[in-house]
Amino acid sequence: MKALGFGQANGKIILMGEHAVVYGEPSIAIPFPATHIHVHVTSHDELFIECDFYKGLVLEMPELLESLHKAIDVTLERLGQDETVKIIIESTIPAERGMGSSAAVAVATVRALYDYFQVPLEKSTLLEIVNIAEKIAHGNPSGLDALMTSSSQPYTYTKGKAPLPFTLAMSAVLVVADTGVTGQTKAAVASIAEKIQGENGAHYQQMIHELGSLTSESQHYMQEDEPALLGKNMTNAHRLLDKLGVSNALLNELVEVSLKNNAYGAKLTGGGRGGCMIALAKNQQDATIIANALKKAGAYQTWLYEMSETIDEN
C-alpha cells in the first residue's frame, strides 16, 4: 500500500453527431481535460468518502451516488481488499451537462484505489468496472463516457460498433459554455423520434443523414488540421439540430454570439435544450474574447481547451 493513492479522469465533449447517432450515424467524442476529477485515497478507520455532494460513510451514501458506491464496492472486491480507506473526490466537471461526470468520477476512483493498493490496472478492467457502475446511472450505457473520460484521444462511435480512435491534428482552441440549465436528453430524443415517425418523416430522416455526413467530413478535417472547415460543419450541424427541435433560445443566442466574435463555428453539444454549447476559435486570444462575450450573453461558465494538447492518462 502507498501512503496516498491518486487517480484522475477528464471530462468529455460530443463534438459532432449527437442525436444522429441514435439512428446509426457516426458521432465524434473528444476528451476534455479543461474539466477533470482528482481522487485521493488514504488509510482511515472507516470506509469514508468526501465529495461535493456528500461527506460520510460509504455505506450511508445517498441514492444520488449509487453508481459511485457500486464502483467502490466492485473495485474493492476485485482487489480482494477489506481495509478501510478515505476517498476524497475533487471535481470540476459539472453534473448533468453531457460531460461524462458520472463515468469520470468512477474512472478516477477506480484508478485511485488500484494505485493505493499498488496493483496494476489494465484498461479493460477499468472500463469493465466503470461500465458496471454506469448501468446504475444510465440504465444501458454505450460505454462511450467510460472510454472518453479515461482516454487521451478522440473516438468515432457508431451504434452497435466498437468505438474507433483517431489522431487529432488541430491548431485551434475549443470554447465550451455551460448554459447553467440541465440538458433534456430524453425529451429531445423523443421529439426527434416523433418527427421521424410523422407525416414529414422522410424530411427529418434526411436531416439525420446530413448530420452523419457532416460528422464524417469533420473527422477528416480534424486529422488534416482544417479548423475553418470543421467550424463550418459545426455551425451547419447546429442549424440542423435546431430544425430538429433540440436547441433552445439561449443555445441559439450563444451560437450567434460566438460567430459574431470570429468563431470558426459553433453548436450545441450533447442532449440539447440546455446543457452546453461549443465554439471553435483560431487561438487563445480569440477564444478568450469569445468566452467573455458568451458570459455577457448569459453563459453560466466557460472553459478553454487547446486541442493540440496531450493528456496524461496516469
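Residues numbered from 1 in each chain as written. Predicted model: local features only at pLDDT ≥ 70, side-chain atom pairs only at ≥ 80, totals over all residues. Heavy atoms only, no water.

J.: Any chance you could explain the confidence of the model for the protein here in plain terms?
T.: Caution is warranted with low-pLDDT regions, since their predicted coordinates should not be read in detail. Model confidence for the protein is summarised by a mean pLDDT of 93, while 97% of its residues fall at 70 or above. Mean pLDDT across the elements of the protein bottoms out in helix H5 (residues 185-196) (87) and peaks in helix H9 (residues 284-296) (98). (pLDDT = per-residue confidence, 0-100. Helix = DSSP H or I, 4+ residues; strand = E, 2+ residues; numbered from the N terminus.)

J.: Explain the domain arrangement of the protein here, please?
T.: When the parts of a complex come together, some accessible area is lost, and that lost area is often used as the size of the interface. Domain assignment breaks the protein into domain 1 (4-165) and domain 2 (173-306). Centre-to-centre, using C-alpha coordinates, domain 1 lies 25 Å away from domain 2. Here domain 1 packs against domain 2, burying approximately 2,500 Å² in sum over the two surfaces, 71% of which is carbon and sulfur. Counting the surface domain 1 buries against domain 2, the share from its top three residues, Met-16, His-19 and Arg-97, is 28%. At the surface where domain 1 touches domain 2, the tally comes to 2 salt bridges. Across the salt bridge formed by Asp-178 and Arg-97, the nearest N and O atoms sit 2.7 Å from each other. Elements represented by at least two residues in the side of domain 1 that touches domain 2 include exactly strand E1 (5-16) and strand E2 (27-43). Per-element tally for the side of domain 1 that touches domain 2: the top contributor is E2, with 8 residues. (Domains from an automatic or database assignment. Buried area = accessible area lost by both parts, 1.4 Å probe. Salt bridge = Lys/Arg side-chain N within 4 Å of Asp/Glu carboxyl O.)

J.: I tried to follow the packing of aromatic side chains on my own but got confused; where do I start?
T.: All told, the structure shown has 2 aromatic pairs when counted by the stated rule. Measuring from ring centre to ring centre gives 5.9 Å for Phe-32 and Tyr-305, while their planes differ by 90 degrees; the resulting arrangement is edge-to-face. With a gap of 273 residues between them, Phe-32 in strand E2 and Tyr-305 in strand E11 (residues 301-306) connect regions that are remote in the sequence. Across the pair, exposure class does not vary: Phe-32 and Tyr-305 are buried alike. Ring geometry for Tyr-116 and Phe-117: centres 4.9 Å apart, planes at 85 degrees, overall edge-to-face. Take Tyr-116: its relative accessible area is 2%, and that puts it in the buried class. On the basis of relative accessibility, which here comes to 7%, the residue Phe-117 falls in the buried class. (Phe/Tyr/Trp six-rings, centres within 6.5 Å; stacked < 30°, edge-to-face > 60°. Buried < 20%, exposed > 50% of the residue type's maximum accessible area, 1.4 Å probe, protein only.)

J.: What is the right way to look at the pattern of salt bridges in this model?
T.: Charged atoms that come close allow side chains of opposite charge to pair. This model, assessed by the stated rule, comprises 7 salt bridges. As a salt-bridge pair, Lys-86 and Glu-50 come within 3.4 Å of each other at their nearest N and O atoms. Linking Lys-86 in strand E5 (residues 85-91) with Glu-50 in strand E3 (residues 48-50), this pair joins segments that are 36 residues apart in sequence. Glu-50 gets classed as partly exposed once you look at its relative accessible area, which sits at 25%.

J.: Help me out: how do you make sense of the packing of helix H1 (residues 66-79) against helix H2 (residues 101-116) in this one?
T.: To describe two helices that pack against each other, one gives the angle between their axes and the distance between the axes. Interhelical geometry of H1 versus H2 gives an angle of 25 degrees and a closest axis separation of 10 Å. Between H1 and H2, the angle is such that the two are roughly parallel. In terms of crossing hand, the pair formed by H1 and H2 is right-handed. Between H1 and H2, the residues in contact are Leu-68, Ala-71, Ile-72, Thr-75, Leu-76, Arg-78 and Leu-79 and Val-105, Ala-106, Thr-109, Val-110, Leu-113 and Tyr-114, respectively. Residue composition of the contact of H1 with H2, grouped by class: 10 nonpolar, 2 polar and 1 charged. (Axes fitted to C-alpha atoms, helices over the stretch in contact; angles between N-to-C directions. Parallel < 35°, antiparallel > 145°, perpendicular 65-115°, else oblique. Left-handed = near helix turned anticlockwise from the far one by under 90°. Contact = heavy atoms within 4.5 Å. Nonpolar A, V, L, I, M, F, W, Y, C, P; charged D, E, K, R; others polar.)

J.: I would appreciate a short explanation of the sheet that holds strand E9 (residues 265-269) in the present structure.
T.: One key point about sheets: their strands pair by backbone hydrogen bonds, in either a parallel or an antiparallel sense. The sheet built from 4 strands is open, its strands ordered E9-E10-E8-E11 with antiparallel pairing. Looking at which strands have only one partner, the edges of the open sheet turn out to be E9 and E11. Geometrically, the sheet is characterised by an average inter-axis angle of 20 degrees between neighbouring strands, direction not taken into account. For strand E8 (residues 173-178) and strand E10 (residues 276-281), the ladder comprises 6 bridges, and the chain directions are antiparallel. The partner of Val-175 across the bridge, within E10, is Ala-279. Along the sheet, helix H7 (residues 227-243) contacts E9 and E10; its crossing angle with E9, the most-contacted strand, is approximately 45 degrees. (Pairing = 2+ DSSP bridges.)

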